[in-house]
Amino acid sequence: MWSKRLTSVMVIPALAALMLLSSCENDLKKIQEIAAGDVSKPVQRTTNVELIFSDSARVKTRALAPLVLDYSFNQEDSQTPKVKPEKSYKDMPKGVTIYRIDSLKETAKIVSNTAKWRDAEGVFELHKNVVASNNEGTVYKSEELIWDQNKHIMYSTMPVQITTKDGNVINGTDFESDENMTHYKLKQTTGIFNVTENPAAQ
């Protein structure tokens, strides 16, 4: 009789502990889901933003965006999920206009429908209806343009069309250029080139 009562007394706490453990696991799952949801939300929303990029106290680039969603999480805020700095970024869902500046003159202009700025990597990702032009009259069009400020290059792996000042149209892939888009390389190129006849040769 004693052993039966002892068994009963031991089984009841075991069941309670099992239920409590299950409850804790469910609560932990909910906390993780909430935390994961918070990671996908910006910590700051700003309108009519101007980003200035300088080198040796000289302004090199101006970026104007009507809306910036900041995913650069505050690592010191205990209520904010900790995100690695390299995963932080600024999203510009309504587009951006970028001006390249050299010797106080605008040397290139880029516009796109959407963009992301990855501060830790020094990379601008521009997407959808990307149009870039330089002061030499060259116009670049594509659905993508990646600007790596650390390497001082711009590139794309999507189809690219370039129109020169003379009206030549060049299509290609695997685009790469300097930051002012004055020297560029294309692969698999096709195009339409204007040929000026020499009257003296007739």
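Residues numbered from 1 in each chain as written. Predicted model: local features only at pLDDT ≥ 70, side-chain atom pairs only at ≥ 80, totals over all residues. Heavy atoms only, no water.

Caption draft 1: Structural view of the overall build of the protein. Within the protein one finds 1 helix and 12 strands. Expressed as a percentage of its 202 residues, the buried residues of the protein come to 32%. Considering only residue pairs separated by 6 or more positions, the protein has 39% of its internal contacts joining residues 24 or more positions apart. Put simply, the protein shows about 13,700 Å² of open surface, and 54% of that area lies on carbon and sulfur atoms. (Helix = DSSP H or I, 4+ residues; strand = E, 2+ residues; numbered from the N terminus. Buried < 20%, exposed > 50% of the residue type's maximum accessible area, 1.4 Å probe, protein only. Contact = heavy atoms within 4.5 Å. Areas by Shrake-Rupley, 256 points an atom, 1.4 Å probe, with all protein chains shown as cover.)

Caption draft 2: Focus on the packing of aromatic side chains. Across all of its chains, the model carries 7 aromatic pairs by this definition. Ring centres of tyrosine 140 and phenylalanine 175 lie 4.7 Å apart, and the angle between their planes is 50°; on these two criteria the pair is classed as tilted. Here tyrosine 140 is found in strand 8 (residues 139-148), whereas its partner phenylalanine 175 is found in strand 11 (residues 169-178), with 35 residues between them in sequence. What makes tyrosine 140 buried here is its relative accessible area of 2%. Following the ring pairs from residue to residue traces out a cluster consisting of Phe53, Trp117, Phe124 and Trp147. Looking at lysine 116, its charged tip hangs above the ring of tyrosine 89, at a distance of 4.8 Å from the centre. (Phe/Tyr/Trp six-rings, centres within 6.5 Å; stacked < 30°, edge-to-face > 60°. Lys NZ or Arg CZ within 6 Å of the ring centre and 35° of its normal.)

Caption draft 3: Main features of the side chain of glutamate 179. Looking at the element boundaries, glutamate 179 is found in the loop between strand 11 and strand 12 (184-192). Owing to a relative accessible area of 12%, glutamate 179 belongs among the buried residues under this scheme. Among the polar contacts made by the side chain of glutamate 179, one reaches the side chain of histidine 152 at a distance of 3.1 Å. Apart from the residues within four sequence positions on either side, glutamate 179 is in contact with Arg100, Ala108, Trp147, Gln149, His152, Ile153 and Met154. (Polar contact = N/O pair within 3.5 Å; in protein donor to acceptor, adjacent residues only side chain to side chain.)

Caption draft 4: Structural view of the nonpolar core. Ranked by internal contacts, the top residues of the largest apolar core, which has 26 residues, are Met92, Phe124, Leu126 and Tyr140. The set of elements that each furnish at least two residues to this core consists of strand 1 (44-55), strand 2 (58-70), strand 4 (96-102), strand 6 (114-118), strand 7 (123-134), strand 8, strand 10 (160-163) and strand 11. Beyond its immediate sequence surroundings of up to four residues, methionine 92 is in contact with Leu51, Ala65, Leu67, Val68, Asn113, Thr114, Ala115, Trp117 and Phe124. (Core = buried A, V, L, I, M, F, W, Y, C linked by side-chain atoms within 4.5 Å.)

Caption draft 5: Spotlight on the pattern of salt bridges. Summed over all chains, the structure comprises 3 salt bridges. For the salt bridge of arginine 62 with glutamate 50, the shortest nitrogen-to-oxygen distance reads 2.8 Å. One end of the pair, arginine 62, is in strand 2; the other, glutamate 50, is in strand 1, and 12 residues separate them in sequence. The residue glutamate 179 makes a salt bridge to arginine 100 at a minimum N-O spacing of 3.8 Å. Here glutamate 179, found in the loop between strand 11 and strand 12, pairs with arginine 100, found in strand 4; they are 79 residues apart in sequence, far enough to count as distant. (Salt bridge = Lys/Arg side-chain N within 4 Å of Asp/Glu carboxyl O.)

Caption draft 6: Just the confidence of the model for the protein, in detail. For the protein, mean pLDDT is 76; residues scoring 70 or higher make up 68% of the total. Across residues 31-38, confidence stays below pLDDT 50; counting only partners more than four residues off in sequence or on other chains, it has 3 contacts. (pLDDT = per-residue confidence, 0-100.)

Caption draft 7: How the structure looks around the environment of valine 160. Position of valine 160 relative to the elements: it lies in strand 10. In this structure, valine 160 is in contact with Tyr140, Lys141, Ser142, Ile170, Asn171, Gly172, Phe175 and Leu186, ignoring residues within four places of it in sequence.

Caption draft 8: Up close: unusual backbone geometry. Even without being a glycine, lysine 128 presents a positive backbone phi close to 70°. Tracing the chain through its elements places lysine 128 in strand 7. Backbone geometry at aspartate 174 places phi at a positive 50°, although glycine is not the residue there. Take aspartate 174: its relative accessible area is 39%, and that puts it in the partly exposed class.

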